[in-house]
Amino acid sequence: MNDLIADNITYIYKGKYQSVKALKEFSFRFIPGKFYAILGASGSGKTTLLSLLAGLDVPTEGIVSFDGLSTKDIDRDEYRMEHVSVIYQNYNLFAHLTVMENAAYPLYIHNVPKKEADAIAVSNLKKVGITEEQMKRFPKTLSGGEQQRIAIARALASGSEIILADEPTGNLDTKNTENVIKILHSLAKDDGRCVIVVTHDLDVAQEADVVLKMSDGKLVDQR
Ligand SMILES: Nc1ncnc2c1ncn2[C@@H]1O[C@H](COP(=O)(O)OP(=O)(O)OP(=O)(O)O)[C@@H](O)[C@H]1O
Ligand SMILES: [Mg+2]
């Protein structure tokens, strides 16, 4: 029932002098327990699609719905907080929180007691290969790949049904990429979450249950 559906969505970025049609009549039904990979050239609309699925904005035409409700009709802040976890292309960690606090943040906002939240965060950070010493630091003192893995640890803590990731392995070496793929896979298979990953990495796509190919704002292939 908790399907995430894009129904004939079009999205137009409206500028002062020109508009860009970034998505064109895109339709797809994403279901829980599956790991999806989205491939496509730069500018093909992948990040735009994720931002609509995440409820950051609503489509210009068509409908994005979760559990039968259009994102146009719900409190989108609440939707994002309760159901969606996003791993962004540029990490989006909180600069003023330590690495551990970043990874514990979804638990803090759900009123999990601090000690318990911190223990879960530490365990998730270890899973993605962050050391105890690094956990005490602030994100900007870490490398791009390390920050990316912290963002993944934060998503692990969230418990959200929908995990959206934009190039989550873009800054990782082979070993960390394999580990992250394993984690994303398990979030779908073992936890029954709906995992949607934008990637250029064919090794990541190889592991996905379904691969969607986008071109010029359209869904052009799936397997
Ligand atoms: N804020 C914006 N204002 C206007 N046009 C935008 C904006 N953001 C993206 N676009 C345009 O929308 C189209 C789709 O962009 P999008 O970011 O979704 O592509 P993408 O597939 O994620 O690319 P990449 O692989 O480079 O991240 C592009 O033509 C892009 O130039
Ligand atoms: Mg993008």
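In what follows, the structure referred to is the one given above.
Residues numbered from 1 in each chain as written. Chains lettered and ligands numbered in written order. Predicted model: local features only at pLDDT ≥ 70, side-chain atom pairs only at ≥ 80, totals over all residues. Heavy atoms only, no water.

A.B. asks: I'd like to hear about the pattern of salt bridges, residue by residue, with values.
C.D. replies: If you walk through the whole model with that rule in mind, you get eight salt bridges. One salt bridge connects Lys-114 with Asp-118, and the closest N-O pair in it is separated by 2.7 Å. Of the two residues, Lys-114 and Asp-118 are both situated in helix 4 (residues 114-127); the distance of four residues between them amounts to about one turn of the helix. Under the relative-accessibility criterion, Asp-118 is labelled buried at 13%. (Salt bridge = Lys/Arg side-chain N within 4 Å of Asp/Glu carboxyl O. Helix = DSSP H or I, 4+ residues; strand = E, 2+ residues; numbered from the N terminus. Buried < 20%, exposed > 50% of the residue type's maximum accessible area, 1.4 Å probe, protein only.)

A.B. asks: Hey, could you go over unusual backbone geometry for me, with residue numbers and the actual values?
C.D. replies: Of note, the phi angle at Asn-8 is positive, near 55°, even though the residue is not glycine. Along the polypeptide, Asn-8 turns up in strand 1 (residues 4-14). Here Asn-8 falls in the partly exposed class, since its relative accessible area comes to 39%. Despite not being glycine, Asp-67 has its phi angle at roughly 55°, a positive value. When you line up the elements, Asp-67 lands in the loop between strand 4 (61-66) and strand 5 (69-70).

A.B. asks: Got a sec to walk through the sheet that holds strand 5? Specific residues and values, please.
C.D. replies: Whenever strands of a sheet pair, they do so through backbone hydrogen bonds, lying parallel or antiparallel. Judged by pairing direction, the sheet is antiparallel, and its four strands sit side by side in the order 2-1-4-5 without closing on themselves. Each edge of the open sheet carries a strand with a single partner, namely strand 2 (19-30) and strand 5. (Pairing = 2+ DSSP bridges.)

A.B. asks: Break down the site of ligand 1 for me, citing the residues and quoting the values.
C.D. replies: Close to ligand 1 lie 13 residues, the nearest being Ser-42, Gly-43, Lys-46, Thr-47 and Thr-48. Ser-42 is positioned such that a nitrogen or oxygen atom in its side chain is 2.6 Å from an oxygen atom of ligand 1. Taking Lys-46, its side chain carries an N or O atom lying 2.7 Å from an oxygen atom of ligand 1. Isolated, ligand 1 exposes 640 Å² of accessible area, and the fraction of that covered by the protein chains is 61%. Elements represented by at least two residues in the shell around ligand 1 include exactly strand 2 and helix 1 (46-53). By residue number, the principal contributor to the shell around ligand 1 is helix 1, which donates three residues. (Near = heavy atom within 4 Å. Polar contact = N/O pair within 3.5 Å; in protein donor to acceptor, adjacent residues only side chain to side chain. Areas by Shrake-Rupley, 256 points an atom, 1.4 Å probe, with all protein chains shown as cover.)

A.B. asks: How would you explain the nonpolar core if you had to name every residue and give the values?
C.D. replies: If you look at the biggest cluster of nonpolar residues, it comprises 41 residues, and the most contacted ones within it are Phe-35, Leu-125 and Val-195. It is helix 6 (residues 144-158) that provides the largest number of residues to this core, a total of seven residues. Of all hydrophobic cores here, the second largest spans 28 residues; its members include Leu-53, Tyr-79, Val-210 and Met-214. (Core = buried A, V, L, I, M, F, W, Y, C linked by side-chain atoms within 4.5 Å.)

A.B. asks: Could you give me a rundown of the environment of Leu-156, with the residues and numbers involved?
C.D. replies: Residue placement: Leu-156 occurs in helix 6. Relative accessible area serves as the criterion here: at 13%, Leu-156 is assigned to the buried category. Separated by 27 residues in sequence, Leu-156 and Ile-183 place their C-alpha atoms 8.9 Å apart. Those residues in contact with Leu-156, other than ones at most four positions away along the chain, are Asn-124, Lys-127, Ile-183, Leu-187 and Arg-193. (Contact = heavy atoms within 4.5 Å.)

A.B. asks: Tell me about the packing of helix 3 (residues 99-109) against helix 6, residues and numbers included.
C.D. replies: Two quantities define a packed helix pair, namely the angle between the helix axes and the distance between the axes. Packing of helix 3 against helix 6 leaves a shortest axis separation of 7 Å and a crossing angle of 25°. The orientation of helix 3 with respect to helix 6, classified from their angle, is roughly parallel. Along this stretch, helix 3 crosses helix 6, giving a crossing that reads as right-handed. Together, Val-99, Asn-102, Ala-103, Pro-106 and Leu-107 of helix 3 and Ile-150, Ala-153, Arg-154, Ala-157 and Ser-158 of helix 6 make up the contact between the two elements. Of the residues in the contact of helix 3 with helix 6, the class split is seven nonpolar, two polar and one charged. (Axes fitted to C-alpha atoms, helices over the stretch in contact; angles between N-to-C directions. Parallel < 35°, antiparallel > 145°, perpendicular 65-115°, else oblique. Left-handed = near helix turned anticlockwise from the far one by under 90°. Nonpolar A, V, L, I, M, F, W, Y, C, P; charged D, E, K, R; others polar.)

A.B. asks: Report on the packing of aromatic side chains, specifying residues and quantitative values.
C.D. replies: This structure, assessed with the given rule, holds six aromatic pairs. Ring centres 5.8 Å apart and planes at 85° place the aromatic pair Phe-28 and Tyr-36 in the edge-to-face group. Overall, the relative accessible area of 12% leaves Phe-28 in the buried class. Judged by relative accessible area, which is 2%, Tyr-36 ranks as buried. Feature note: the residues Phe-28, Phe-30 and Tyr-36 constitute an aromatic cluster, connected by ring pairs. (Phe/Tyr/Trp six-rings, centres within 6.5 Å; stacked < 30°, edge-to-face > 60°.)

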